[in-house]
Amino acid sequence: MKEDFMTHALGIVGSGAMGRGIAQISALAGIDVHLYDISRNAVETARVHLSDTLAMLAGKGRITTAAAAEAAARIKPADSLEALKDCDVIVEAIAENLEAKRALFKLLDAMVRDACILASNTSSLSITAIAAACSKPERVAGFHFFNPVPVMKVIEVVDGLRGARSTGDRLVQLAHRLGHTPVRAKDTPGFIVNHAGRAMNTEGLRIVGEGIADFADIDRIMREQAGFRLGPFELMDLTSLDVSHPVMESIYQQFYEEPRFRPSPLTAIRLSGGLVGKKTGEGFYKYVDGKPVPPPEAGIAADLPERIWVSSRDAAARTQIAGLISAAGITMEKGERPSEHALIIVAPLGKDATTAAIEEGLDATRVVALDCLPRVGECSRRTLMTTPVTEARFRETARALFAHDGSAVTMIRDSNGFVAQRMVASIVNIGCDIAQQRIASPEDIDRAVTLGLGYPKGPLALGDAIGAARILEILNNMQGALGDPRYRPSPWLMRRAQLGASLTHEDT
């Protein structure tokens, strides 16, 4: 893109964590920053904090001493909004309150130059609604950073319905200058990252609510089987429920109670009890010296099974399981039906162990299901589930078998789609629907999610890695069994699965 716009002076309204972060990276990029807050003490506190932060970065060798001093000198406290009138761009970073933002933008719109861009750092409010307070809505756009700003290298540039394309283009240029990666989004609840992020948290809460597994086991599965950096409950403890729960409710309501985004009463109850997360010392986990204390896992006490029969419904899964059995030094039964006392292993997609046993006419007291969902990264954990009548001796020998090579094993209760299948399929499906709605390009969806949420792959690339047809099978089986529209497949996913096309393939 040819650069025809240069930001020399940047105004920031709001000196909290987000405003400070934006000020820091802007000053380091050579931009004069004019920082305003309704509280003058807050501005001075922010200035001192930023000066100390820049000095610390110099002390660690991340920037030079000269660069730190120059950046600190570029951060100028503003004693009134009028002091921002000559800025090229003003970024609003105040509390998430629509009326407060509209009132602020109305004031700014009346005092700044015609060429000035007014940008909101809102994470969940409508840019179109904010811009409606202005006489020139075409110069208003979203410029959504993530906390901590210097670390989270993605910015959502959001075009309102009445925003000029050139406004977003100029903010894209500014994002690059700040050393961040811009992604372009239409004005929609949650934009890209908070929209896509609904899947993991709400599905994790639903699994706990159904009594399938506890939060620590779900986190372990998502980290060690599915390859995610954090599980949903670790993530909610990090972001804090006083932030994440209102966002869940807001997006659910803004989408007129879309079932895919349905919140859980579990977070409402914990929030009301003050169990908000790491910053208070207790959330889903208790924290000691800032580190979570997870509950211990049960040990493996049983011997290996003597006889094992594996379902052939899924040929790829059977081959995978056969290799694990062989490595344990056990010969797998080859008959069409299991012998009388054999451990029975099934590997359903989107179904529960009970359904798998009934469909094949198997003895449910001996059935144990293994999740064979293809992993994204290195897998150090396996997930098993039992029917409600599986006998303890078969459950425990199955645990011993799949832990034989040193892998961790999590045993859950019967569930359509295990844990990883449910959560990964939901993540992919919501990503597909963001693409279907043309909220953002497939490339920007994946880029925003990997940078903004730290997932191992973006939702569309994740679906391609596993296989769109397998994701579709999981969702169809779950929706058919549970009747819950939250699992209905996106048309984007259905069509590409049927055609054998990549989920990142745009319509021609």
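See above for the structure.
Per chain, residues are indexed from 1 in the order of the written sequence. Reporting of local features is limited, given that this is a predicted model, to residues whose pLDDT is at least 70; pairs of side-chain atoms are given and counted only at 80 or more, and all residues count toward the totals for whole chains, interfaces and linings. Water and hydrogen atoms were dropped before computing side-chain values, which therefore reflect all heavy atoms in the structure.

Okay, the sheet that holds strand E6 (residues 140-144) next. Here, strands pair whenever DSSP counts at least two bridges between them. Working definition: helices are DSSP H or I runs of at least four residues, strands are E runs of at least two. Numbering for both runs from the N terminus. Taken in spatial order, the eight strands of this open sheet run E3-E2-E1-E4-E5-E6-E7-E8, and their pairing is mixed. Of all the strands in the sheet, just strand E3 (75-77) and strand E8 (181-186) have a single pairing partner and so form its edges. Within this sheet the neighbouring strands show an average axis-to-axis angle of 25 degrees, counted without direction. Relative to strand E4 (residues 89-92), strand E1 (residues 9-13) runs parallel, the two being bridged by four bridges. Bridge pairing in E4 places glycine 11 opposite isoleucine 90. Across the face of the sheet, helix H3 (residues 65-74) comes into contact with strand E2 (32-36) and E3 while running at roughly 30 degrees to E3. All axes here are fitted lines through C-alpha atoms, helices being fitted over the stretch that makes contact, and every angle between N-to-C directions spans 0 to 180 degrees. By definition, residues are in contact when any of their heavy atoms lie within 4.5 Å.

For the rest of this paragraph, the subject is the layout of surface pockets. Unoccupied space between atoms shows up once a probe the size of one water molecule is rolled over them. In the cavity and pocket records, a cavity denotes points on a 1 Å grid over the protein atoms alone where a 1.4 Å probe fits but cannot get out, a pocket denotes an open set with protein on both sides within 12 Å along at least 5 of 7 lines, and lining residues are residues with an atom within 4 Å of a point. Grid points are joined across faces, edges and corners, and a volume is the space filled by probe spheres set on the points. Computed from the structure, the largest pocket encloses a volume of approximately 1,200 Å³. Forming the walls of the largest pocket are 40 residues, and the residues nearest its centre are Phe146, Asn147, Asn194, Thr239 and Val243. Looking at the lining of the largest pocket, the elements that each hand over two or more residues are helix H1 (17-28), helix H7 (193-196), helix H8 (198-209), helix H10 (232-239), helix H11 (241-254) and helix H17 (442-453). Among the elements that make up the lining of the largest pocket, the one with the highest residue count is H11 (five residues).

On to the packing of aromatic side chains, then. Working definition: rings of Phe, Tyr and Trp (its six-membered ring) pair if their centres are within 6.5 Å, and the pair is stacked with planes under 30 degrees apart, edge-to-face with planes over 60 apart, and tilted otherwise. Enumeration according to the criterion identifies seven aromatic pairs in this entry. Between phenylalanine 215 and phenylalanine 284, the ring centres sit 5.8 Å apart and the planes meet at 55 degrees, which makes this aromatic pair tilted. Residue phenylalanine 215 is found in helix H9 (residues 215-224), and its partner phenylalanine 284 is found in the loop between helix H12 (265-272) and strand E9 (286-288); the two are separated by 69 residues along the sequence. With 5.1 Å between their ring centres and 90 degrees between their planes, phenylalanine 215 and tyrosine 285 make a pair best called edge-to-face. A residue pair is termed long-range when its members are at least 10 positions apart, and phenylalanine 215 in helix H9 and tyrosine 285 in the loop between H12 and E9 qualify at 70 residues. Through pairs of rings, three or more aromatic residues link up here, namely Phe215, Phe233, Phe284 and Tyr285.

Spatially, five strands are ordered E11-E12-E13-E14-E15 in an open sheet, and the strand pairing comes out mixed. Looking along the sheet, the strands with just one partner apiece sit at the ends: strand E11 (308-310) and strand E15 (408-412). On average, each strand axis in the sheet is tilted by 30 degrees relative to the strand beside it, whichever way the strands run. With three bridges joining them, strand E13 (residues 367-370) and strand E14 (residues 381-386) adopt antiparallel strand pairing. Each residue of the ladder has a partner; that of valine 368, found in E14, is threonine 386. Each of E11, strand E12 (343-346), E13 and E14 is contacted by helix H14 (residues 353-360), which is oriented at about 120 degrees to E13, the strand it contacts most.

This part is about the side chain of histidine 180. By the secondary structure assignment, histidine 180 is in the loop between helix H6 (165-177) and E8. A distance of 3.1 Å separates the side chain of histidine 180 from the backbone oxygen of methionine 152, its partner in a polar contact. Non-local contacts of histidine 180, meaning those with residues more than four positions away in its chain, are made with Ile25, Val149, Pro150, Met152, Lys153, Val154, Ile155 and Ala175. Any N or O atom pair separated by 3.5 Å or less is treated as a polar contact, with the protein-specific requirement of one donor-capable and one acceptor-capable atom, and with residues adjacent in sequence counted only for side-chain atom pairs.

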